[in-house]
Amino acid sequence: MVAAMALGIIAGVVFPGFAAELKIVGDLFLALVKAGVAPLVFFTIVMGIASAGDLKKAGRVGFLALVYFEVVSTVALLLGLVAANLFGVGKGAELDAGAASAQAPKAEVGEHGFTAFLKDIVPDNFAGAFSSGQLLQVVVLAVLFGVGLLSLKPQMQDRINSGLEVVSEAFFGFVNVVMKLAPLGTFGAVAYSVGTNGSDMLFALTELVLEYWLVIGVFVFGVLGLVCMLAGFNILRILQYVRVEMTLVLGTASSEAALPGLLKKLTRIGCSKQTVGLVVPTGYAFNLDGTSLYMSICTLFVANVYGIPMGIPEQLGLLLIMLLTSKGAATVSGGTFVVFASTVAATGYLPVEGVAILFGVYRFMSMATAFCNTFGNVVATFVLAKWCKEMDVDKVNRALADPNAFLARPETDEPADRPASEHSPRRGAPEDASVPADAVAIAPHSPSEK
């Protein structure tokens, strides 16, 4: 992956014309990934609810997860607004709005209102939720299906659970094959970005990109680092454990690319299937910290470019709008930009044409956005699993003490889960999954934005 990114940069600089044609390579790879993500999310949530054994337990984890998501996302929005004011993003930049790319996504006022949001999360047919590309609809169906499954007789539940587990493994196998093409997809995506934007990028936009990456770093190692410390984890050890998935996210600028691998790894290390199945897919729709940072910083950038004053009252109103529009953003590359355009339109006083100014550098920012979104959900899973006592704490501590050694060991060689205790209840111990040893080194066994 790292080599592919380096070659992509070189190709974009040396052969910009040829590199611009490589966009299709990255697009095809992400399309293949997306084809397997919705079914995996559905099966993971259903089996997570089914493993809870009762609605009360599943509801407790889900409720705490939503509270956590809302608090952390609000912190991200506030940090973005503070950083944008401190840096003065867009001030002094003389950008020609008429030269903006005509390819920028368009947005209509009100398309992300509360009523429209509720209508968007409920599909009008079962199969349509999987074909529409809206992950939140799949989450809603999976939750309802899982709750319905708990109402069946135990014998029937066991038969359905066995079938779902077999089909789920089949989809993991499919995504495993697709992930072998990840270096090609990364090469094409990075080459296209550098080839089409590299030398023509305006100074103001370059400064914005650098400042944005700095804010992402502050949030990941500052805010998320503090959350990990309070929960008793070392954020650097967690990052080391999921480094393969995080590298994949950086290369593809899509958090969906890492979803299959994270679902496996988080269960393997000692988080219960129930917690992983509920927190990770739901977090992909509701816990988009990187998206929140992007929207708050870039919205003020547009305001400053056009000389529109944004005082404290206006920014607080903007915060309330972003709290709604940032939810349910699709996790494929480019999705955050569409939500951002809708947010600008929803304000009623910021020019939507200004959104196009940021289109050229979006790719460079989306890499950081996808990374922050994905890693934020990894941290959320560890923290919520421990808070809800749905974690084998001893196993997690052993694994994080030396993540490389833990990943290098075949799962069949790992010791069986210990008996239930106060800090590591039996329900929280992950079920064994048969995964080839060499598969741990690649993304699916080792899941921006909109």
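For the structure given in this document, a descriptive report is provided here. (Residues numbered from 1 in each chain as written. Predicted model: local features only at pLDDT ≥ 70, side-chain atom pairs only at ≥ 80, totals over all residues. Heavy atoms only, no water.)

Quick look at the pattern of salt bridges
1) Next: Enumeration according to the criterion identifies one salt bridge in this entry.
2) Next: With a shortest N-O distance of 3.1 Å, Glu245 and Lys265 are connected by a salt bridge. Pair noted here: Glu245 is in helix 12 (residues 243–252) and Lys265 is in helix 13 (residues 259–269), with a separation of 20 residues, a long-range link.
3) Next: Judged by relative accessible area, which is 0%, Glu245 ranks as buried.
4) Next: On the basis of relative accessibility, which here comes to 2%, the residue Lys265 falls in the buried class. (Salt bridge = Lys/Arg side-chain N within 4 Å of Asp/Glu carboxyl O. Helix = DSSP H or I, 4+ residues; strand = E, 2+ residues; numbered from the N terminus. Buried < 20%, exposed > 50% of the residue type's maximum accessible area, 1.4 Å probe, protein only.)

Quick notes on the packing of aromatic side chains
1) Next: All told, the structure shown has eight aromatic pairs when counted by the stated rule.
2) Next: Between the aromatic rings of Phe42 and Phe126, the centroid separation amounts to 5.8 Å while the plane-to-plane angle is 80°, which identifies the pairing as edge-to-face. A residue pair is termed long-range when its members are at least 10 positions apart, and Phe42 in helix 3 (residues 23–52) and Phe126 in helix 6 (residues 126–131) qualify at 84 residues.
3) Next: Looking at Phe126, the relative accessible area reads 42%, which means it is partly exposed.
4) Next: Ring centres 6.0 Å apart and planes at 50° place the aromatic pair Tyr241 and Phe406 in the tilted group. Here the residue Tyr241 occupies a position in helix 11 (residues 235–241), and Phe406 occupies one in helix 20 (residues 403–408), the gap between them amounting to 165 residues. (Phe/Tyr/Trp six-rings, centres within 6.5 Å; stacked < 30°, edge-to-face > 60°.)

Overview of a nonpolar patch on the surface
1) Next: A cluster of nonpolar side chains, Leu7, Ile9, Ile10, Val13, Val14, Phe15 and Phe18, forms an exposed patch at the surface whose accessible area comes to about 720 Å².
2) Next: Structurally, Ile10 is set in helix 1 (residues 2–14). (Patch = residues over 30% accessible without salt bridge, like charges linked within 9 Å, V, L, I, M, F, W, Y side chains within 5 Å. Areas by Shrake-Rupley, 256 points an atom, 1.4 Å probe, with all protein chains shown as cover.)

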